[in-house]
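The residues making up each chain are set out below.
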Amino acid sequence: MSSPWDLHSHSTASDGTLTPAALVRRAAEHGVRVLALTDHDTTDGLPEAAEAAVATGVELVPGVELSTVWEGVEVHVVGLWIEPDHPALQEGLAAQRERRGARARAMGERLARAGIPGAYEGARALAGGEVVNRSHFARYLVAAGRGRDLGDAFDRYLRQGRPGYAPPEWVDLAEGVGWIRAAGGTAVLAHPGRYRLSAGRLRRLAAAFREAGGAAVEVVCGSHTPAQVQAAAGLARRHGLAASVGSDFHAPGNPWRELGRLAPLPADLTPVWAARAPRAREGVA
Ligand code: AMP
Ligand code: MN
Ligand code: MN
Ligand code: MN
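Quick look at the structure, then. (Residues numbered from 1 in each chain as written. Chains lettered and ligands numbered in written order. Predicted model: local features only at pLDDT ≥ 70, side-chain atom pairs only at ≥ 80, totals over all residues. Heavy atoms only, no water.)

1. Some remarks on the side chain of S3
Then step 1. Structurally, S3 is set in the segment before β1 (5–6).
Then step 2. Judged by its relative accessible area of 9%, S3 is buried.
Then step 3. From its side chain, S3 meets the backbone oxygen of W5 in a polar contact 2.6 Å long.
Then step 4. Apart from the residues within four sequence positions on either side, S3 is in contact with G31, V32, V245, G260 and L262. (Helix = DSSP H or I, 4+ residues; strand = E, 2+ residues; numbered from the N terminus. Buried < 20%, exposed > 50% of the residue type's maximum accessible area, 1.4 Å probe, protein only. Polar contact = N/O pair within 3.5 Å; in protein donor to acceptor, adjacent residues only side chain to side chain. Contact = heavy atoms within 4.5 Å.)

2. Concerning the coordination of the manganese ion (ligand 2)
Then step 1. Taken together, D15 (OD), H40 (NE2) and H250 (NE2) make up the protein donors of the manganese ion (ligand 2), found 2.1 to 2.2 Å from the metal.
Then step 2. In the primary structure, the donors to the manganese ion (ligand 2) are separated according to the pattern D-x24-H-x209-H.
Then step 3. Separating the manganese ion (ligand 2) from the manganese ion (ligand 3) is a gap of 5.9 Å. With a gap of 235 residues between them, D15 in the loop between β1 and α1 (20–29) and H250 in the loop between β8 (242–246) and α10 (272–284) connect regions that are remote in the sequence. For the residue pair D15 and H250, the accessibility class agrees, reading buried in each case. (Donors = N, O, S within 2.8 Å, 3.2 Å for Na, K, Ca; no water.)

3. Observations regarding the coordination of the manganese ion (ligand 3)
Then step 1. Coordination of the manganese ion (ligand 3) by the protein comes from E65 (OE), H76 (ND1) and H191 (NE2), over a distance range of 2.1 to 2.2 Å.
Then step 2. Of note, the donors binding the manganese ion (ligand 3) are all from one chain and are spaced E-x10-H-x114-H.
Then step 3. Judged by relative accessible area, H76 falls into the buried class, the value being 10%.
Then step 4. Relative accessible area serves as the criterion here: at 2%, H191 is assigned to the buried category.

4. Quick word on the side chain of H250
Then step 1. Among the residues examined, H250 registers a relative accessible area of 18% and is labelled buried.
Then step 2. If we ignore the near neighbours within four places in the chain, the residues touching H250 are H10, D15, G16, T17, H40 and R257.

5. A word on the environment of S2
Then step 1. Summarising the element assignment, S2 is placed in the segment before β1.
Then step 2. Separated by 49 residues in the primary sequence, S2 and E51 place their C-alpha atoms 24 Å from one another.
Then step 3. Among residues more than four places away in sequence, those in contact with S2 are H30, G260 and L262.

6. A few points about the nonpolar core
Then step 1. Residues V75, L80, L173, Y195, L205, F209 and V219 are the most contacted members of the largest nonpolar core, which totals 49 residues.
Then step 2. Sequence-distant contacts of L80, that is, excluding residues within four places in its chain, are made with L7, A36, T38, V61, P62, G185, T186, V188, S244 and V272. (Core = buried A, V, L, I, M, F, W, Y, C linked by side-chain atoms within 4.5 Å.)

Okay, here's the thing in structure tokens:
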């Protein structure tokens, strides 16, 4: 079960553990021929990834993953084939990172009140950059003996309703899709199976996403069960969305979320790369 396309992955520029260059090399080793680097709210890893891609013969798709909000639900949108330096996109990403920073400080304060001082500084040191997210807090908590593993740290401290949780203030879904489109990108509704929405609400989300200019839905992805793949395929058919494929790789050592370790797309769906091809050819001509 391996795919030459992997259009969702993270590096140390956000909450992945491999540098962009190491990520690209690992993708090549796992048979990936086209890789999208889609760090949370930043494009900082793209130049290094692009250089490594040339060296390894991997085609790099410049991407980003935005955290957005739709009707009070956190919804992630992957942007593919973006022009990274587009000013509207970069302004939006800078605002998101500012809000991320404020949220991280609030989470640090909450954890301190819960008897765990120094978590913000610890998470920031692990992040090594501007994007401090809950993964970094989870890693800090595990290292500090406050959780068996990342999932346990989330369950005990970081999930909604737990002592370290602070609510995020992400960009509205439609506005975030607008940033990606302004930068010439293709907007993909990420991992729809993860939102814990009823089938009806998920259809309304897909309709709103399409209405906002979204082009595709992630059908095969590292966190989808076979039933969730089928449900996402249903959304693609019903709403006329293309289909994407991505592992959402963050770190080695997680066998079910490895680069390129992805089932094939249902044959009747239009892959997101095929949906984009006519415009790409125009661009080349
Ligand atoms: P944030 O954007 O700060 O809310 O952080 C969310 C990130 O935490 C996601 O991108 C995942 O990488 C990670 N994450 C979320 N839930 C879990 C979990 N239960 N176990 C491990 N990592 C998680
Ligand atoms: Mn992440
Ligand atoms: Mn996501
Ligand atoms: Mn992701």
